[in-house]
Amino acid sequence: MSIQVRNLTHIYGKGQPDSQLALENINFDIYDEEIVGIIGHTGSGKSTLLQHLNGLLKPEEGTIVVGNDEITAPNFPMRNIRKKVGLVFQYPEYQLFEETVALDIAFGPKNLGMPEDEIWDRIKEVLEMVDLDYDEVADKSPFELSGGQKRRVAIAGVLAMKPQVLILDEPTAGLDPKAHKSILEMIQRVHEKEKNIIIFVSHNMEDIANLSDKVMVMDCGKLVMVGTPKEIFAQRDRLNQIGLNVPPAADLIYKLKDAGIPMADGVVSMEEAEEELYNYLRKK
Amino acid sequence: MIRDITLGQYYAAESVVHRVDPRVKIIATLLFIAELFIVDDFKGFILCGGAMALAVAASKVPLGFIMRGLKPILFILMFTFVLNIFMIDGHILVKLWFIKITKEGLLTAAFMAIRLILLIIGSSLLTFTTKPIILTDGIEKLLAPLKAFKVPTHEIAMMMSIALRFIPTLIEETDKIMKAQQARGADFESGNIMQRAKALIPILVPLFISAFQIAQDLAMAMEARCYRGGTGRTRMHAMKLMRRDYFVAIGLVLLLGLVILERIYL
């Protein structure tokens, strides 16, 4: 399973006075089982890009191939793409509507025509994946849950459709540190279990560095950088230019380097920074 | 898509029509509507249509944008047109079994269609060229005399401006929820009426919840800024009639005179 995007261009409000070029000539490949992090400041086109991958938006120009299907082909059945690509929007808890958690999670699979008994097995499975107790929450109203729990139910609702590609738009936005951490752990757990492609947007550089195999940087509707977290976060100046930063640990190492202290290149994670500092202090 | 709704949406541009005082514009629009109903033949529409064309040209709102506002009423337009063609007796032009098309029917149908189109363009020009907030300010001022009868004009105007202000927000919200449910495989476009009505539940429930949430937050934010109703409130931008406002008013009254004369003498 892989994704190829070629020459993708999208214009919002075409023909209207306030039309704007939202995506400009985007090209990239995503390979099997990759976790891809997308960064870029607000309005850089991240959400627009994600909605194209799910077929919710149609490009002005360009093609998107998911697996063996060109989903941008005219008359491509949307149901097939929804089955393959699951998209979790920002603040997904606002999409909950059913009387019970279980029914809400069943909404997606039912729409896809999954058989009833398979749906119930799947509900148990995904609730476990998002670390919620089936017996405790399944028959509760989703509106009785806490913010973090609601979000996990909403994510479970998309997971229940067994997508081979899972897209999450700022999955940790507006959560407290504890819920934040548990969502990240959940993403990793889902990835290990489902062996799917995961694409996620975040403003937290540390999360991006820790989770992703590949990082894509967007700026003003263009894809400006693609690479491993190490490659991307080695270019602090360029990131700063477009209003982004490196993870806190890398930032510390950069600052020490600026102050004239010899430090190695390519330090991204907390562990690497710790190691680097330890080595330096020992040599001294 | 849902974003295409233009009725009652503001078109940002710099024009004389945009700058005319909202009170004058509201009265002018009402007057124009009255004139459309005074007119009883096609010659009268030349006057009204001419005035309309002048206003549209001066407003700098593109014609395509205005036409898009007509789309939602296209069905009603066709319906009345067809109804009028077949329902009115007179000189028969074409006769097919029990269906007959008469000259009078055709004329009435065309007449009604023109009236409807001018009516919609006229009233949407008001909202195209006036920001909702300014519009409600105008309404509040116009209703001010009713205060003497204990009508809470400020509160009514505030409710209207909040309602108007949140139309785009709610449209955006609806769009977002629709997309989220579509991503979960929801289908809003196929099926019979019952299935389609049922398909709305996943949109309506979250929409109502977020609307209540927005209302609650807004009430709190207003209270935090010491809002306590209309008594004693002054305005940052007091409305003042300018020369152009008098010109517009005179123009519309003139048109009214012409239309009445046309009806009596031509």
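Residues numbered from 1 in each chain as written. Chains lettered and ligands numbered in written order. Predicted model: local features only at pLDDT ≥ 70, side-chain atom pairs only at ≥ 80, totals over all residues.

Participant: Kindly report on the overall build of chain B, identifying the contributing residues and their values.
Facilitator: Scanning chain B for helices and strands turns up 11 helices and 2 strands. Going from the N terminus to the C terminus, chain B shows its helices and strands as α-α-α-α-α-β-β-α-α-α-α-α-α. By the compact-globule yardstick of 18 Å for 266 residues, chain B is too spread out, its C-alpha radius of gyration being 23 Å. A principal-axis box enclosing the C-alpha atoms of chain B has dimensions of 70 × 55 × 40 Å. With 266 residues in all, chain B has 20% of them scored as buried. Sequence-distant contacts, at least 24 apart, represent 75% of the contacts inside chain B between residues at least 6 apart. (Helix = DSSP H or I, 4+ residues; strand = E, 2+ residues; numbered from the N terminus. Rg over C-alpha atoms; globule rule 2.2 N^0.38 Å. Buried ≥ 20, exposed ≤ 12 C-beta atoms within 10 Å, placed from the backbone. Contact = placed C-beta atoms within 7 Å.)

Participant: So, the overall build of chain A: which residues are in play, and what are the values?
Facilitator: Along chain A, the regular secondary structure elements total 12 helices and 10 strands. Relative to the 2.2 N^0.38 estimate, which gives 19 Å for 284 residues, the radius of gyration of chain A is 20 Å and therefore close to what a compact globule would have. Reported as C-alpha extents along the three principal axes, the dimensions of chain A are approximately 65 × 50 × 35 Å. Taking contacts inside chain A between residues at least 6 apart in sequence as the whole, the part at least 24 apart equals 65%.

Participant: Any chance you could break down the interface of chain A and chain B for me, citing the residues and the numbers?
Facilitator: With 19 residues of chain A at the interface, the matching set in chain B holds 16 residues. Only helix 2 (78-84), helix 3 (101-111) and helix 6 (147-159) of chain A provide two or more residues apiece to the side of chain A that touches chain B. Examining the composition of the side of chain A that touches chain B, we find that 3 residues originate from one element, helix 3 of chain A, more than from any other. Its residues placed into classes, the side of chain A that touches chain B shows 11 nonpolar, 6 polar and 2 charged. (Nonpolar A, V, L, I, M, F, W, Y, C, P; charged D, E, K, R; others polar.)

Participant: Give a detailed account of the domain arrangement of chain A, specifying residues and quantitative values.
Facilitator: Interfaces are often sized by the accessible area lost when the parts come together. Residues and elements named next belong to chain A. Taken domain by domain, chain A comprises domain 1 (3-246) and domain 2 (247-284). Distance from the C-alpha centre of domain 1 to the C-alpha centre of domain 2: 33 Å. Put simply, the parts of the chain that give the side of domain 1 that touches domain 2 at least two residues each are helix 8 (205-211) and helix 9 (229-233). Among the elements that take part in the side of domain 1 that touches domain 2, helix 8 stands out by supplying 4 residues, more than any other. By residue class, the composition of the side of domain 1 that touches domain 2 is 6 nonpolar, 2 polar and 3 charged. (Domains from an automatic or database assignment.)

Participant: Now, about the environment of Phe107(A): what can you tell me, with residues and values included?
Facilitator: Looking at where Phe107(A) falls in the secondary structure, it is placed in helix 3. Through-space distance from the C-alpha of Phe107(A) to that of Lys230(A) is 40 Å; in sequence the pair is 123 residues apart.

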